[in-house]
Amino acid sequence: MEKRIVSVGLVGFGLDTYWTQFEGLYERLCGYQDQIANLMENTNVRVVNVGIVDNPVTARKCADSLQKEGISLLFLYISTYALSSTVLPLVMQLKVPVVLLNVQPEAAIRYDYLNGLGDRGKMTGEWLAYCQACSVPEFAGVFNRAGISYDIISGYLGEPYVCDQINNWLKAVIVVEGLRMNRMGILGHYYGGMLDVYTDVTQQSFTFGTHIEMLEMCELKAYRDQVTSDELETKIQELRQCFDVVSECETYELERAAKTSVALDKLVTNHQLGALAYYYEGYQGNSYENMITSFIAGCTLLTGKGIPVAGECEVKNVQAMKILSLLGAGGSFSEFYAIDFNDDVVLLGHDGPAHFLMSNGRVKLVPLPVYHGKPGKGLSIQMTVKTGPVTLLSVCEGKDGVYFLVSEGYSEDGPVLQIGNTNSRYRFSCGARNFIDAWSKAGPSHHCAIGVGHWAKHLEKIAFLLKIPMVVIS
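Reference entry: report on the structure contained in this document. (Residues numbered from 1 in each chain as written. Predicted model: local features only at pLDDT ≥ 70, side-chain atom pairs only at ≥ 80, totals over all residues. Heavy atoms only, no water.)

## Some remarks on the pairing of strand β11 (residues 330–340)
Sheet topology places β11 next to strand β18 (residues 447–452); 5 bridges connect them, and they run antiparallel. Bridge assignment links S332 to a residue of β18, and that residue is I450. Pairing of β11 with strand β12 (residues 345–350) involves 5 bridges; the strand directions are antiparallel. If you follow E335 over to β12, its bridge partner there is G349. (Pairing = 2+ DSSP bridges. Helix = DSSP H or I, 4+ residues; strand = E, 2+ residues; numbered from the N terminus.)

Structure (structure tokens):
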């Protein structure tokens with residue numbers, strides 16, 4: 001998948017009347033704006049800092065300039081009091097989400113210094129350098145009436161909260177751009193009867209901007225039939241490097257998984273895929289069944305490389321996995337296994353591909369005598385997610401469209417099932433019973449993606465940029 005630099009705009013707003021009234025105020029405010037621009041330095045973001053706009057005429061000219069830059073998000077720095085008639089035409093013309101920066105120079109006005117200036121004109125000029133809050137309700141009120149999407153960051157220069165909020169917005173816009181540029185493959189068909197998993201791929205495309213490529217099993221088989229002995233040996237070495245291949249794994253099964261993994265790599269490369277959802281059964285004993293029962297190891301490798309793969313053709317869940325992957329949180333395929341009411345924890349896992357970089361220790365590659373609910377047998381992975389904070393994310397489809405379902409919890413040590421699956425124990429602040437009830441009533445499919453770390457605040461911003469709702473279970 002092509003990597004792109006995301007462009008964001010930074011515009012300061014002020015009032016031109018002030019510049020001749022208060023000497024040095026304009027230059028001072030420009031300096032503060034430059035400090036904010038420096039905070040935004042990021043290798044994946046290009047900040048278009050156009051300086052301070054101070055009247056409706058220059059606002060329209062600025063909008064023309066920013067349109068040519070193709071910005072995805074506008075940071076609107078309130079440098080001092082500014083008229084809403086200045087900001088509205090620019091924002092309406094750009095039609096991008098807006099973040100209002102209500103950011104003062106310091107945590108508070110230096111009252112003794114200001115009152116000691118001895119000149120009420122100079123004192124007023126000093127106050128106006130701290131007057132950001134004056135325009136926040138004015139701008140917000142106008143935006144509400146105009147139906148303009150916006151958020152607010154209130155604080156002061158150098159404050160960790162402000163720095164974190166700006167960085168979180170930048171990360172969110174990078175993720176949204178990553179989704180927009182993503183090419184998702186669909187291979188095979190849905191697991192029959194899982195009505196919750198079925199999705200509207202057109203809605204997925206226009207919500208996330210994702211291109212969806214329909215793939216053929218016969219293409220994968222052609223790649224698999226062409227695997228050379230050198231490619232096979234190299235892939236077996238990779239499997240042994242990434243996984244703890246247990247002694248029970250037969251050479252035949254390891255080679256079968258390796259050959260399919262090589263073919264999957266070629267499919268991903270040739271279609272420039274950044275994600276894949278798959279499922280297939282086929283008639284008993286056919287060559288496609290031989291392929292599909294050797295998928296898990298290769299798909300786990302791809303997932304760990306930032307190309308998430310979801311089994312059972314779970315398109316919505318591979319979107320969730322991709323979002324967590326773009327955030328750097330991993331993103332592992334999972335479903336609810338059981339509840340331990342004694343310890344008040346929920347067990348989640350899956351027999352399909354996982355994110356091996358999230359594992360608590362090395363992932364084991366183990367043989368399964370049967371894939372439950374699916375045809376055949378083959379290799380699978382055994383792992384637990386590392387202990388610590390985690391986030392569950394489900395991309396859901398309801399009567400009114402797509403939305404996020406999110407919950408933050410903790411992965412904990414304790415007994416898990418050693419059945420050749422990802423399997424971990426998760427604690428939620430509302431308790432296991434309340435959690436499973438509230439999560440289920442929110443309307444997800446039975447799958448979800450798990451990422452390491454707490455990411456609800458980032459996901460809220462991503463949902464804002466995508467213009468979709470977000471439900472949080474806490």
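## Side note on the layout of surface pockets
Computed from the structure, the second largest pocket encloses a volume of approximately 310 Å³. Looking at the lining of the second largest pocket, the elements that each hand over two or more residues are α8 (160–181), α9 (201–208) and α17 (456–466). Looking at the lining of the second largest pocket element by element, the count peaks at 4 residues for α8. In terms of residue class, the lining of the second largest pocket is built from 8 nonpolar, 3 polar and 4 charged. (1 Å grid on protein atoms, 1.4 Å probe; cavity = no way out; pocket = protein on both sides within 12 Å on 5 of 7 lines; lining within 4 Å. Points joined across faces, edges and corners; volume = space filled by probe spheres on them. Nonpolar A, V, L, I, M, F, W, Y, C, P; charged D, E, K, R; others polar.)

## Focus: empty space enclosed by the protein
Inspection of the entire model under this criterion finds 1 cavity of 30 Å³ or more. Along the wall of the largest cavity there are 17 residues; nearest its centre are Y278, Y279, I292, I296 and K374. When its residues are assigned to classes, the lining of the largest cavity shows 10 nonpolar, 4 polar and 3 charged.

## Here's the deal with the nonpolar core
Within the largest apolar cluster, 74 residues are counted, with the highest numbers of intra-cluster contacts made by F75, L101, I323, F404 and I462. The dominant element in this core, judged by the number of residues it contributes, is α8, at 10 residues. Excluding its chain neighbours within four sequence positions, the residues that come into contact with I323 are V175, L179, F208, L393, V395, F404, L459 and I462. Counting 62 residues, the second-largest nonpolar core is a separate cluster that includes L264, L273, Y371 and F428. (Core = buried A, V, L, I, M, F, W, Y, C linked by side-chain atoms within 4.5 Å. Buried < 20%, exposed > 50% of the residue type's maximum accessible area, 1.4 Å probe, protein only. Contact = heavy atoms within 4.5 Å.)

## Some points on the sheet that holds strand β13 (residues 363–368)
The strands making up a sheet are joined through hydrogen bonds of the backbone, oriented either antiparallel or parallel. Here 3 strands make up an open sheet; going across it, the order is β8-β13-β14 and the pairing mixed. Because the sheet does not close on itself, it has two edges, and the strands there are β8 (243–245) and β14 (378–382). Strand-to-strand twist in this sheet, taken as the mean axis angle between neighbours without regard to direction, amounts to 40°. In terms of strand pairing, β13 meets β14 through 5 bridges, oriented antiparallel. Each residue of the ladder has a partner; that of K364, found in β14, is Q382. Across the sheet, helix α12 (residues 251–270) lies against β8, β13 and β14, angled at about 80° from β14, the strand it touches most. Taken strand by strand, helix α14 (residues 296–304) contacts β8, β13 and β14, and its axis lies near 40° from that of β14. (Axes fitted to C-alpha atoms, helices over the stretch in contact; angles between N-to-C directions.)

## Here's the deal with the sheet that holds strand β9 (residues 275–279)
The strand order β7-β6-β9-β10 describes an open sheet built from 4 strands, whose pairing is parallel. With one partner strand each, in any of the chains shown, β7 (211–215) and β10 (309–310) form the two edges of the open sheet. Note: strand β6 (residues 183–188) against β7, 5 bridges, orientation parallel. Residue pairing for β7: G185 is matched across the bridge by E213.

## Details of the pattern of salt bridges
Within the structure shown, the criterion is met by 17 salt bridges. With a closest N to O distance of 2.8 Å, R28 and E126 form a salt bridge. Here the residue R28 occupies a position in helix α2 (residues 25–39), and E126 occupies one in helix α6 (residues 120–128), the gap between them amounting to 98 residues. With its nearest N and O atoms 2.9 Å apart, the salt bridge here joins R46 to E69. One end of the pair, R46, is in strand β2 (residues 45–53); the other, E69, is in helix α3 (residues 56–69), with 23 residues separating them in the sequence. (Salt bridge = Lys/Arg side-chain N within 4 Å of Asp/Glu carboxyl O.)

## Things to note about the packing of aromatic side chains
In this structure the tally under the stated criterion is 15 aromatic pairs. Judged by centre distance (6.5 Å) and plane angle (80°), the ring pair of F13 and F139 falls under edge-to-face. A residue pair is termed long-range when its members are at least 10 positions apart, and F13 in strand β1 (residues 6–13) and F139 in helix α7 (residues 136–146) qualify at 126 residues. Overall, the relative accessible area of 0% leaves F13 in the buried class. Relative to F356, the ring of F243 lies with its centre 6.0 Å away and its plane at 80°, an arrangement referred to as edge-to-face. Within this pair, whereas F243 is found in strand β8, its partner F356 is found in the loop between β12 and β13, the two being separated by 113 residues in sequence. Judged by relative accessible area, which is 1%, F243 ranks as buried. An aromatic cluster is built from F13, F139, F143 and Y150, whose rings are joined through pairwise contacts. Here R110 stacks its cationic end above the ring of Y113, 4.9 Å away from the centre of that ring. (Phe/Tyr/Trp six-rings, centres within 6.5 Å; stacked < 30°, edge-to-face > 60°. Lys NZ or Arg CZ within 6 Å of the ring centre and 35° of its normal.)

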